[in-house]
Amino acid sequence: MSDETPICSAKGCRADAVWVLAWNNPKIHTPERRKTWLACEEHREHLSQFLGVRGFLKDVVVLEEWESEDSPRPSS
């Protein structure tokens, strides 16, 4: 992992990421595949709703927990 602080995936946002939004598009991804978006506190709900309405959102996890998990996860 890079020394750079992860930033929010919301368009134009440069805030530090606090959350990982794990998602997949069932039309193009296998069920176990997880893409990720990062979110700051301000944009977590908006990005979650965007993915949720489309049926893509699978999990929302605190960034520190996501990074500390022993099992490797697919990257975005």
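Refer to the structure above for everything that follows.
The structure contained in this document is the topic of the report that follows. Since the structure is predicted, the reported quantities are computational estimates derived from the model, not experimental observations.

## Quick look at the overall build of the protein
Within the protein, the secondary structure is distributed over two helices and three strands. The secondary structure elements of the protein, listed N-terminal to C-terminal, are β-β-α-β-α. Across the 76 residues in the protein, those meeting the buried criterion constitute 33%. Long-range pairs, those at least 24 residues apart, make up 53% of the contacts in the protein with a sequence separation of at least 6.

## Re the packing of aromatic side chains
Under the definition given, this model contains three aromatic pairs. When the centroid spacing of 6.0 Å and the interplanar angle of 20° are considered together, the rings of Trp23 and Phe56 count as stacked. One end of the pair, Trp23, is in strand β1 (residues 19-23); the other, Phe56, is in the loop between α1 (44-53) and β3 (57-62), and 33 residues separate them in sequence. An aromatic cluster is built from Trp23, Trp37, Phe50 and Phe56, whose rings are joined through pairwise contacts. In this structure, Arg44 packs its charged tip against the face of Trp19, placed 4.7 Å from the ring centre.

## A few points about the sheet that holds β3
Ordered in space as β2-β1-β3, the three strands form an open sheet in which the pairing is antiparallel. This sheet does not close on itself; its edge strands, each paired only once, are β2 (35-39) and β3. When strand polarity is set aside, the average angle formed by the axes of neighbouring strands in this sheet is 25°. Looking at chain direction, β1 and β3 are connected through five bridges and run antiparallel. Considered in β3, the bridge of Leu21 is made with Val60.

## Describing α1
Of the positions making up α1, those classed as buried are Leu47, Ser48 and Leu51. The buried residues of α1 all sit within an arc of 100° when viewed along its axis, so they share a single face. Residues of α1 that are exposed and angled more than 90 degrees away from the buried face: His46 and Val53. The elements touched by buried residues of α1 are β1, β2 and β3. Of the residues trailing α1, Gly55 is marked for its positive phi of about 75°.

## Some thoughts on the nonpolar core
Note on soluble globular proteins: their nonpolar side chains tend to be buried together. One finds Cys8, Ala10, Cys13, Trp19, Leu21, Trp23, Ala39, Cys40, Leu47, Leu51 and Phe56 forming the largest nonpolar core, which totals eleven residues. Among the elements of the structure, β1 and α1 are those that each provide at least two residues to this core. The greatest single-element share of this core, amounting to three residues, is contributed by β1. Every residue in contact with Leu51, bar those within four places of it in the chain, is listed here: Leu21, Trp23, Trp37, Phe56 and Leu57.

Cut-offs and rules
- Residues numbered from 1 in each chain as written.
- Predicted model: local features only at pLDDT ≥ 70, side-chain atom pairs only at ≥ 80, totals over all residues.
- Heavy atoms only, no water.
- Helix = DSSP H or I, 4+ residues; strand = E, 2+ residues; numbered from the N terminus.
- Buried < 20%, exposed > 50% of the residue type's maximum accessible area, 1.4 Å probe, protein only.
- Contact = heavy atoms within 4.5 Å.
- Phe/Tyr/Trp six-rings, centres within 6.5 Å; stacked < 30°, edge-to-face > 60°.
- Lys NZ or Arg CZ within 6 Å of the ring centre and 35° of its normal.
- Pairing = 2+ DSSP bridges.
- Axes fitted to C-alpha atoms, helices over the stretch in contact; angles between N-to-C directions.
- Arc of directions from axis to C-beta.
- Core = buried A, V, L, I, M, F, W, Y, C linked by side-chain atoms within 4.5 Å.

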